[in-house]
Amino acid sequence: MPVGTPIGRQWIVMAPDGSVLVDWGGGQYQDIETGEYRRLSEPYMGHSLSNEELSVLRSSGKISYYDDREVYLVGLPEKPRGSLD
(Lines give C-alpha, C1' and ligand atoms only; values in the text may rest on other atoms or scores of the structure.)
Protein backbone atom coordinates (compact mmCIF):
# COMPACT_ATOMS: atom_id res chain seq x y z
CA MET A 1 0.00 0.00 0.00
CA PRO A 2 1.49 3.38 -1.01
CA VAL A 3 2.23 5.94 1.69
CA GLY A 4 2.00 9.71 1.41
CA THR A 5 -0.49 12.17 -0.02
CA PRO A 6 -2.03 11.11 -3.34
CA ILE A 7 -2.13 13.89 -5.94
CA GLY A 8 -3.50 13.51 -9.45
CA ARG A 9 -0.56 13.01 -11.79
CA GLN A 10 -1.73 15.83 -14.06
CA TRP A 11 -1.23 18.32 -11.20
CA ILE A 12 2.49 17.56 -10.79
CA VAL A 13 4.55 19.65 -13.23
CA MET A 14 8.17 20.45 -13.94
CA ALA A 15 9.01 24.15 -14.05
CA PRO A 16 11.46 25.54 -16.64
CA ASP A 17 14.05 25.87 -13.83
CA GLY A 18 13.81 22.12 -13.12
CA SER A 19 11.83 22.34 -9.89
CA VAL A 20 8.88 20.01 -9.43
CA LEU A 21 5.66 21.75 -8.46
CA VAL A 22 2.15 20.82 -7.37
CA ASP A 23 -0.47 22.91 -9.19
CA TRP A 24 -3.04 23.85 -6.54
CA GLY A 25 -5.06 25.96 -9.01
CA GLY A 26 -5.57 29.68 -9.34
CA GLY A 27 -1.93 30.26 -10.24
CA GLN A 28 -0.67 28.83 -6.94
CA TYR A 29 2.08 26.19 -7.01
CA GLN A 30 4.07 24.41 -4.32
CA ASP A 31 7.64 23.20 -4.72
CA ILE A 32 7.82 19.57 -3.54
CA GLU A 33 11.49 19.93 -2.57
CA THR A 34 11.25 23.04 -0.38
CA GLY A 35 7.51 23.27 0.37
CA GLU A 36 7.68 26.90 -0.80
CA TYR A 37 4.55 28.34 -2.42
CA ARG A 38 4.81 30.32 -5.63
CA ARG A 39 2.22 32.40 -7.37
CA LEU A 40 2.64 32.16 -11.11
CA SER A 41 0.63 33.78 -13.84
CA GLU A 42 -1.89 31.60 -15.64
CA PRO A 43 -1.59 29.77 -17.92
CA TYR A 44 1.64 28.21 -16.69
CA MET A 45 3.56 26.22 -19.26
CA GLY A 46 5.29 23.52 -17.20
CA HIS A 47 5.33 19.95 -18.42
CA SER A 48 3.94 16.80 -16.88
CA LEU A 49 6.53 14.42 -15.52
CA SER A 50 7.58 11.33 -17.42
CA ASN A 51 7.91 7.91 -15.80
CA GLU A 52 11.69 8.38 -15.87
CA GLU A 53 11.46 11.70 -13.99
CA LEU A 54 9.07 10.16 -11.46
CA SER A 55 11.48 7.25 -10.96
CA VAL A 56 14.23 9.70 -10.02
CA LEU A 57 11.91 11.39 -7.50
CA ARG A 58 11.01 8.00 -6.07
CA SER A 59 14.69 7.08 -5.71
CA SER A 60 15.34 10.36 -3.89
CA GLY A 61 12.46 9.72 -1.46
CA LYS A 62 10.30 12.67 -2.53
CA ILE A 63 7.53 10.36 -3.71
CA SER A 64 6.71 6.87 -2.52
CA TYR A 65 4.74 5.59 -5.49
CA TYR A 66 3.20 6.59 -8.80
CA ASP A 67 0.96 5.05 -11.42
CA ASP A 68 -0.88 6.32 -14.49
CA ARG A 69 -3.27 8.42 -12.38
CA GLU A 70 -1.64 9.43 -9.09
CA VAL A 71 1.64 10.40 -7.46
CA TYR A 72 2.09 9.83 -3.73
CA LEU A 73 4.06 12.70 -2.20
CA VAL A 74 6.04 12.19 1.00
CA GLY A 75 6.41 14.98 3.56
CA LEU A 76 4.69 17.77 1.69
CA PRO A 77 4.17 20.66 4.13
CA GLU A 78 0.64 21.96 4.57
CA LYS A 79 -0.29 25.38 3.32
CA PRO A 80 0.00 28.03 6.05
CA ARG A 81 -3.41 29.32 7.09
CA GLY A 82 -4.38 32.57 8.73
CA SER A 83 -5.91 32.57 12.17
CA LEU A 84 -9.67 32.56 12.61
CA ASP A 85 -9.55 35.81 14.58
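A few points on the structure.

The rules behind the values
Residues numbered from 1 in each chain as written. Predicted model: local features only at pLDDT ≥ 70, side-chain atom pairs only at ≥ 80, totals over all residues. Heavy atoms only, no water. Pairing = 2+ DSSP bridges. Helix = DSSP H or I, 4+ residues; strand = E, 2+ residues; numbered from the N terminus. Axes fitted to C-alpha atoms, helices over the stretch in contact; angles between N-to-C directions. Contact = heavy atoms within 4.5 Å. Core = buried A, V, L, I, M, F, W, Y, C linked by side-chain atoms within 4.5 Å. Buried < 20%, exposed > 50% of the residue type's maximum accessible area, 1.4 Å probe, protein only. Polar contact = N/O pair within 3.5 Å; in protein donor to acceptor, adjacent residues only side chain to side chain. Salt bridge = Lys/Arg side-chain N within 4 Å of Asp/Glu carboxyl O.

On to the sheet that holds strand 8 (residues 70-73), then. Overall, antiparallel pairing links the 3 strands, which are arranged 1-8-7 in an open sheet. For this open sheet the edge positions go to strand 1 (5-8) and strand 7 (63-66), each flanked by a neighbour on one side alone. Geometrically, the sheet is characterised by an average inter-axis angle of 25° between neighbouring strands, direction not taken into account. Note that strand 1 and strand 8 share 4 bridges and pair antiparallel. Bridge pairing in strand 8 links G8 to E70. The sheet contacts of helix 1 (residues 51-60) involve strand 7 and strand 8, and relative to strand 7 the element is tilted by about 145°.

Turning our attention to the nonpolar core. If you look at the biggest cluster of nonpolar residues, it comprises 14 residues, and the most contacted ones within it are I12 and L73. At the level of secondary structure, the elements contributing two or more residues to this core comprise strand 2 (12-14), strand 3 (20-25), helix 1, strand 7 and strand 8. Beyond its immediate chain neighbours, meaning those up to four positions away, L73 contacts G4, T5, I7, I12, V22, I32, K62 and I63.

With respect to the secondary-structure elements, S19 resides in the loop between strand 2 and strand 3. At 2.6 Å, the side chain of S19 and the side chain of D17 are in polar contact. For S19, the side chain forms a polar contact with the side chain of R38, separated by 3.1 Å. Dropping the residues within four chain positions of it, S19 is found in contact with V13, M14, D31 and R38.

Turning our eyes to something else, we now look at the pattern of salt bridges. For the structure on display, the rule yields 3 salt bridges. Of the charged contacts, one joins E33 and K62 as a salt bridge, the two residues approaching to 3.8 Å between their closest N and O atoms. Pair noted here: E33 is in the loop between strand 4 (28-31) and strand 5 (37-39) and K62 is in the loop between helix 1 and strand 7, with a separation of 29 residues, a long-range link. Three or more residues joined by partner-sharing salt bridges are found here, namely D17, D31 and R38.

Distances and angles like these do not, on their own, reveal function.
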